[in-house]
Structure formats: C-alpha cells, structure tokens
Amino acid sequence: MDLSLSTRTVGDRTVVEVGGEIDVYTAPKLREQLVELVNDGSFHLVVDMEGVDFLDSTGLGVLVGGLKRVRAHEGSLRLVCNQERILKIFRITGLTKVFPIHTSVEEAVAATD
Amino acid sequence: MATVELRFSALPEHVRTARLVAAAVARRAGVDEAVLDEVRLAVGEACTRAVGLHQSNGVSAPVRVALTEDEKQFSIEVGDEAPRSAPGDRAPGARGGEGGEPEAESEDEMGLAVISGLVDDVEVTAGESGGLIRMTWPTTPAPLVP
C-alpha cells in the first residue's frame, strides 16, 4: 500500500484527495504536493482524507506544515474525515483545535471562516 | 525471550513492515481487535522515532523491535542505538536535516505525544548506548471499573 494523491479545483478551493498510508516513508510526497500547490498560488486547500488507511505523527507534521504555509498567504487548510481511527489521532494531539475538520468535501468547500 | 524479534535497517520504508508484523503478532497474542489500530500506530511512531534518531546520529546499526507475548499481556520494545549524553537528551539538530523544515523539528515530540496518548502502559528510557520504548497491552478484556 502506497500513498495516492490527486488534486482538483472546486471554485477557489483546491481539493487534494489522499489515499493509502501517510507515514514516515510516504509523508514527504504529501509535503511536496502541498508545497507545490502553495508555490503555484493555491492558498485555499481541502485535504480529503476519506481514503486514508493510516496516519501517523509524520503525516500530522506535514499537515501542520501545510497549514503554516497557506496561512502565510492568508489561506486555509480544511480536512475532510469521518474515520474514527484517523480522527482519534487528531484528538489525542489536540489538533482538532487547529484544523477545521468536515464531514464532506462539499461542506469543506462551502465553509468560510 | 521475545516471541518475535525484528531488526531492520534504519530506513523509513521498513517502518510499515514493523507495523504489519507487530499487528499480526498482537492479534495472535489476543490483543483486542479494537486496540490493534493503536498497536499499529504506537509501534509505527516508536520505529519512526528510532529511524530518525539513527539517521540524524549516523548510526548504521539496525532498529530492534521485540514483540513478547505473556500470559496476560503483550509488550513491544523498540530499541535504538542513538547515544544520549543524559536520559531524555536529544542530539542537536535531530531530524532537522531538510534545511529546517518547520514541521520536522516537532515530529519527534509529536510521535512521543501520540504514543503516550494511545498507550496507558509505556516506559521511555534512554542512555549512553541508546533508547528504549516499552509498551504493554493487556491480552484479556480489562475488568469493568465502576
């Protein structure tokens, strides 16, 4: 199992669909993708994690790094996740307070601060 | 002696193997199915941390994972051979090898935070010859506490 990444644009948001396992081996690919998007001027990101089977602290670190980058451009980074096993990791690290977490891509795309 | 012992080169691509093996042995040992996700995550975090410590300290030795099944508990020990001058010390610049990526610095601590958030019974020790994370789970259902 590897990491799969695909991006699409919905209005002014860029949706990054992530699948597979985000760990110390695959997280750099996600980091590259987020950095590339920000460098290309996409500052409002929605990371769809519904296809993610595994997430560890390395993955959390990449997401926090992504958030930091978009915020430098007054952007946003929203997550889509309904999986309890993944949500738990955000809860125990206190990151549910840092990331807006939505139940669907539609909801995340429609959300405003 | 450990039920299953695993030694792997300190490379990120092998951490997944350690997770899979640990989860398989834990399942066989009778760790509750609902807890297996936690076992997988915790052992992954411990191995990720060990790989990072070996890489940043130039340690060529493998990372060691010992999986031990006892009568009522299952324990995992993840050992690294990265020297610390004092317990709990981190080598300067550890995991900062990517030109100061902002997220890299906090990963080691976040890994430990995840482990301590997930696992009730965890011991972290470190000394001159390396560090050890020992995590234990019950293999029989815990009695209900009123």
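Quick note: structure is the one above.
Criteria and thresholds
Residues numbered from 1 in each chain as written. Chains lettered and ligands numbered in written order. Predicted model: local features only at pLDDT ≥ 70, side-chain atom pairs only at ≥ 80, totals over all residues. Heavy atoms only, no water. Axes fitted to C-alpha atoms, helices over the stretch in contact; angles between N-to-C directions. Helix = DSSP H or I, 4+ residues; strand = E, 2+ residues; numbered from the N terminus. Left-handed = near helix turned anticlockwise from the far one by under 90°. Contact = heavy atoms within 4.5 Å. Nonpolar A, V, L, I, M, F, W, Y, C, P; charged D, E, K, R; others polar. Core = buried A, V, L, I, M, F, W, Y, C linked by side-chain atoms within 4.5 Å. Buried < 20%, exposed > 50% of the residue type's maximum accessible area, 1.4 Å probe, protein only. Buried area = accessible area lost by both parts, 1.4 Å probe. Salt bridge = Lys/Arg side-chain N within 4 Å of Asp/Glu carboxyl O. Polar contact = N/O pair within 3.5 Å; in protein donor to acceptor, adjacent residues only side chain to side chain. Pairing = 2+ DSSP bridges.

A.B. asks: Got a sec to walk through the packing of helix α1 (residues 15–29) of chain B against helix α2 (residues 36–57) of chain B? Specific residues and values, please.
C.D. replies: Residues and elements named next belong to chain B. Between α1 and α2, the shortest axis-to-axis distance is 9 Å and the interhelical angle comes to 145 degrees. Where α1 crosses over α2, the two elements pack in a sense that is right-handed. Facing α1, whose interface residues are Val 15, Ala 18, Arg 19, Ala 22, Ala 23, Ala 26 and Arg 27, α2 presents Leu 36, Val 39, Arg 40, Val 43, Gly 44, Cys 47, Thr 48 and Val 51. Partitioned by chemical class, the residues of the contact of α1 with α2 number 10 nonpolar, 2 polar and 3 charged.

A.B. asks: Can you lay out the nonpolar core for me, pointing to particular residues and giving the numbers?
C.D. replies: Counting residues in each nonpolar core, the largest one holds 63 residues, and the members touching the most others are Met 49 and Phe 90 of chain A together with Phe 74, Ile 76, Val 78 and Met 135 of chain B. By size, the runner-up hydrophobic cluster in this structure holds 6 residues, among which are Val 15, Val 46, Val 105 and Val 109 of chain A.

A.B. asks: Describe the interface of chain A and chain B, with residues and values.
C.D. replies: Taken together, the 23 residues of chain A in the interface contact 21 residues of chain B. Surface buried jointly by chain A and chain B totals about 2000 Å² across both partners, of which 57% is contributed by carbon and sulfur atoms. One can count 5 salt bridges joining chain A with chain B. Remark: the boundary between chain A and chain B carries 6 residue pairs in polar contact (both at pLDDT 80 or more). Among the secondary structure elements, those contributing two or more residues to the side of chain A that touches chain B are β3 (44–55), α2 (57–71) and α3 (84–92) of chain A. Among the elements that line the side of chain A that touches chain B, the one with the most residues is α2 of chain A, at 8 residues. Class assignment for the residues of the side of chain A that touches chain B results in 10 nonpolar, 5 polar and 8 charged.

A.B. asks: Account for the sheet that holds strand β3 (residues 73–80) of chain B, naming residues and giving values.
C.D. replies: All names here are of chain B. Pairing in this open sheet of 5 strands is antiparallel, and the strands run β1-β2-β3-β5-β4 from one edge to the other. In the strand order of this sheet, the two ends are held by β1 (4–8) and β4 (121–127), each with one partner. For this sheet the average axis-to-axis angle between neighbouring strands, irrespective of direction, equals 10 degrees. In the sheet, β3 pairs with strand β5 (residues 130–138) via 8 bridges, with the strands oriented antiparallel. Opposite Gln 73, over in β5, you have Pro 138 as the bridge partner. This element, α1, spans β1, β2 (63–69) and β3 of the sheet and lies at about 175 degrees to β1. Lying on the sheet, α2 is in contact with β1, β2, β3 and β5; it crosses β3 at an angle near 15 degrees.

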